[in-house]
Amino acid sequence: MTTPSLNTLRAFDAAARHGTLSAAARELQVTTGAVSQQINQLEAVLEAKLFERHRRGLRLTEAGLQLHRPIEQAMGLIQQGIDSLNSRSTRISIAISPSLAAKWLFPSLSEIAERNPEIDLQIITAQAPDQSDAEFILHLGAAPSTAGRKVDLLCETPLVAVTGPTLIARAPVIARESFFAQYLLIEDASRPWAKWLSESGTTFQSHQVAQSALALDAAEAGTGIALVPAIMAKDALAAGGLVKLKEFPPEPGRGLYLIRPANTPASKARRIVEDWIRSAV
């Protein structure tokens, strides 16, 4: 007799536990048709009917019950082994946008590296980090989807208007639209200057760059005034490389979010990295 493949046994186990093909397909992240095909293959190999199909779903036959008990135990042992290895792993991945990585994360990486040299941090930069399958995702913007994930708001993110001290040494007492319209305004693809100044009908000159980090670099060089999330500018403000001219209140629901897969097993390395991320905000 041909030995059934692991995929057919996984499909059988999922269908037996859930009682429907659709629920089994969601767990396995495949189509309902794929699960049905795997079960048909298993029944053909074993020359036995494993399920009774009825209107509400599936019901195990006597042969199905006899097979499922050891299969369920075996699948549990396999998962225990995987979880055990994952819990000891010290390689941790973090997905983050390039600008947030450059202006906020990278400057503080040496701290965790010195304290925990055994942890191998992999930084994955992406324009849409919330689409990554990394163990930790740092998402800056509107609240992300929570489907199958744990999502925490780490902080709200007001926007700040900043420039280098060579252009403007001190912030004005009242920074009105007319004040900013005197200078070249630098903004990224989200067009924050345009959104604010268009409300008052103020005419202004702007230069658009691809990323917030580039806007900050240009502002620090005295090229113009950038409008960026405060978390990206805080280090340069503290060091005196930037001057804050105005702060805008955060929009409801927008901020820095920490995203983790819902079923990731706990480990010492993950706890250390998560504590470090939270302390850096």
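Structure first, text after, so check above.
Notes on the structure follow. (Residues numbered from 1 in each chain as written. Predicted model: local features only at pLDDT ≥ 70, side-chain atom pairs only at ≥ 80, totals over all residues. Heavy atoms only, no water.)

Helix and strand counts for the protein come out as eleven helices and twelve strands. Taking 19 Å as the expected radius of gyration for a compact globule of 281 residues, we find that the protein reaches 27 Å, considerably beyond that expectation. The principal-axis extents of the C-alpha atoms in the protein amount to approximately 80 × 45 × 25 Å. In the protein, which comprises 281 residues, the share counted as buried stands at 41%. Within the protein, contacts between residues at least 6 apart in sequence are counted, and of these 70% link residues at least 24 apart. Carbon and sulfur atoms form 50% of the exposed surface of the protein, whose accessible area is close to 15400 Å². If the 28 positive side-chain charges of the protein are averaged to one point and the 28 negative ones to another, these points end up 4 Å apart. (Helix = DSSP H or I, 4+ residues; strand = E, 2+ residues; numbered from the N terminus. Rg over C-alpha atoms; globule rule 2.2 N^0.38 Å. Buried < 20%, exposed > 50% of the residue type's maximum accessible area, 1.4 Å probe, protein only. Contact = heavy atoms within 4.5 Å. Areas by Shrake-Rupley, 256 points an atom, 1.4 Å probe, with all protein chains shown as cover. Lys, Arg positive; Asp, Glu negative; His and termini not counted. Charge placed at Lys NZ, Arg CZ, Asp CG, Glu CD.)

Relative to the 18 Å expected for 13 residues at 1.5 Å per residue, helix H11 (residues 268-280) spans 19 Å between its end C-alpha atoms, a close match to the ideal helical length. All of the buried residues along H11 are Ala269, Arg270, Ile272, Val273, Glu274, Trp276, Ile277 and Ala280. (Expected span 1.5 Å × (residues − 1).)

Quick look at the packing of helix H1 (residues 6-18) against helix H3 (residues 32-46) now. Two numbers describe how H1 lies on H3: the axes approach to 8 Å, and their chain directions differ by 110°. In terms of orientation, H1 and H3 fall into the roughly perpendicular class. Residues Asn7, Thr8, Leu9, Ala11, Phe12 and Ala15 of H1 form the contact with H3, whose participating residues are Val35, Gln38, Ile39, Gln41 and Leu42. (Axes fitted to C-alpha atoms, helices over the stretch in contact; angles between N-to-C directions. Parallel < 35°, antiparallel > 145°, perpendicular 65-115°, else oblique.)

A word on the side chain of Ser97. Here Ser97 is to be found in the loop between strand S3 (91-96) and helix H5 (98-105). With residues near it in sequence (within four places) discarded, Ser97 still touches Ala126, Pro129 and Leu138.

Pairing is mixed across the open sheet formed by five strands, whose spatial order is S4-S3-S5-S12-S6. A single partner strand is all that each edge strand has here, and the edge strands are strand S4 (120-125) and strand S6 (149-156). Pairs of neighbouring strands in the sheet enclose a mean axial angle of 20°, with direction left out of account. By the bridge criterion, six bridges tie S3 to S4 in an arrangement that is parallel. Residue pairing for S4: Ser93 is matched across the bridge by Gln122. (Pairing = 2+ DSSP bridges.)

Right, let's get into the sheet that holds strand S7 (residues 159-163). Read across the open sheet, the five strands follow the order S9-S8-S10-S7-S11; overall the sheet is mixed. Pairing within the sheet leaves two strands with one partner each, and these edge strands are strand S9 (205-208) and strand S11 (243-248). The average undirected angle you get between the axes of adjacent strands in this sheet is 30°. Two strands pair when backbone bridges link them, and strand S8 (residues 184-187) and S9 are joined in this way by four bridges, in the parallel orientation. Each bridged residue has a counterpart across the sheet, and for Leu185 the counterpart in S9 is Ser206. The strands touched by helix H8 (residues 192-200) within the sheet are S7, S8, strand S10 (225-229) and S11, with S8 carrying the most contacts at an inclination of about 125°.

Here the focus is the layout of surface pockets. The calculated volume of the largest pocket comes to roughly 850 Å³. Taken together, the elements giving at least two residues each to the lining of the largest pocket come down to H5, strand S5 (136-141), H8 and S10. Among the elements that line the lining of the largest pocket, the one with the most residues is H8, at four residues. Here the lining of the largest pocket is built from residues that sort into 15 nonpolar, nine polar and seven charged. There is about 340 Å³ of room inside the second largest pocket. Along its surface, the second largest pocket is lined by twelve residues, and Arg10, Arg17, Glu27, Met75 and Gln79 are the ones closest to its centre. Those elements giving two or more residues to the lining of the second largest pocket turn out to be H1, helix H2 (21-28) and helix H4 (62-88). Ranked by residue count, the leading element in the lining of the second largest pocket is H4, at six residues. (1 Å grid on protein atoms, 1.4 Å probe; cavity = no way out; pocket = protein on both sides within 12 Å on 5 of 7 lines; lining within 4 Å. Points joined across faces, edges and corners; volume = space filled by probe spheres on them. Nonpolar A, V, L, I, M, F, W, Y, C, P; charged D, E, K, R; others polar.)

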